[in-house]
Amino acid sequence: MPETRTDEIGFLIRNVNKWLASTTVKLETFQDEAERDALTGILNRRGFMRRMNSFSTGFMLHFDIDNFKSINDTYGHDKGDLVLIDLAERINNSMRDLDIFARLGGEEFVIMVPGSSEAAVRTAERILDVIRCKPISDLPITVSMGIAEYTLVFPA
């Protein structure tokens, strides 16, 4: 709203504008928190699904950490959390800006790779290299991964 008036109406308009600006920032913060995984800081399932609406085709990489339950059972849940955090950080740092990376839950992750199957394979190889380059939280971690073509059947 224009703030050119100098009377009481102008005072009210300026204050309403300030309130709207602060409310907008709060809503954006709440939405970001609702769409991020609290442990790893990457997108969660909700954030991933919302961003998927902008793609009509691409490739999905779906993977999870092999034998993750035994990590929690042997070393404790705190160590398991460190593995998830370290893995997510390494992968996130290796992603292209246009890829969408999320933790679906537990030790299960997904990446949407727009573009060609070659781009998806390169992304998968890059992720595997990042995991193989050194132990994750001092543990030799492996993952199982699949790649599938994605096509939006009923665009919004």
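Shown above is the structure to which this text applies.
Peer 1: I tried to follow the packing of aromatic side chains on my own but got confused; where do I start?
Peer 2: Here the distance between the centres and the angle between the planes together describe a pair of aromatic rings. Inspection of every chain in the model, using the stated rule, returns two aromatic pairs. For the ring pair Phe 63 and Phe 109, a centre distance of 5.6 Å and an interplane angle of 15 degrees mean the geometry is stacked. In this pair, Phe 63 sits in strand E1 (residues 57–65) while Phe 109 sits in strand E3 (residues 108–113), placing the two residues 46 residues apart along the sequence. Each member of the pair, Phe 63 as well as Phe 109, is classed as buried. Judged by centre distance (5.8 Å) and plane angle (25 degrees), the rings of Phe 101 and Phe 109 are stacked. Residues Phe 101 and Phe 109 agree in their burial class; the two are buried.

Peer 1: Teacher, can you tell me more about a nonpolar patch on the surface here?
Peer 2: Residues Ile 9, Phe 11 and Leu 12 make up a contiguous nonpolar surface patch of roughly 300 Å² in combined accessible area. Note that Leu 12 resides in helix H1 (residues 8–34).

Peer 1: Hey, could you run me through the pattern of salt bridges in this one?
Peer 2: Two side chains that carry opposite charge are able to pair once their charged atoms sit near each other. Counted by the stated rule, this structure contains eight salt bridges. Residues Arg 90 and Asp 86 are paired through a salt bridge, measuring 3.3 Å at the closest nitrogen-oxygen approach. You can see Arg 90 and its partner Asp 86 sitting in helix H4 (residues 77–94), four residues apart, about one turn around the helix. Of the two residues examined, Arg 90 and Asp 86, each falls in the buried class. Salt-bridge contacts for Asp 99 lead to Arg 96; the nearest nitrogen and oxygen are separated by 2.7 Å. When its relative accessible area of 8% is taken as the criterion, Asp 99 is described as buried. Among the charged side chains, a network of salt bridges with common partners joins Glu 35, Arg 50 and Arg 51.

Criteria and thresholds
Residues numbered from 1 in each chain as written. Predicted model: local features only at pLDDT ≥ 70, side-chain atom pairs only at ≥ 80, totals over all residues. Heavy atoms only, no water. Phe/Tyr/Trp six-rings, centres within 6.5 Å; stacked < 30°, edge-to-face > 60°. Helix = DSSP H or I, 4+ residues; strand = E, 2+ residues; numbered from the N terminus. Buried < 20%, exposed > 50% of the residue type's maximum accessible area, 1.4 Å probe, protein only. Patch = residues over 30% accessible without salt bridge, like charges linked within 9 Å, V, L, I, M, F, W, Y side chains within 5 Å. Areas by Shrake-Rupley, 256 points an atom, 1.4 Å probe, with all protein chains shown as cover. Salt bridge = Lys/Arg side-chain N within 4 Å of Asp/Glu carboxyl O.

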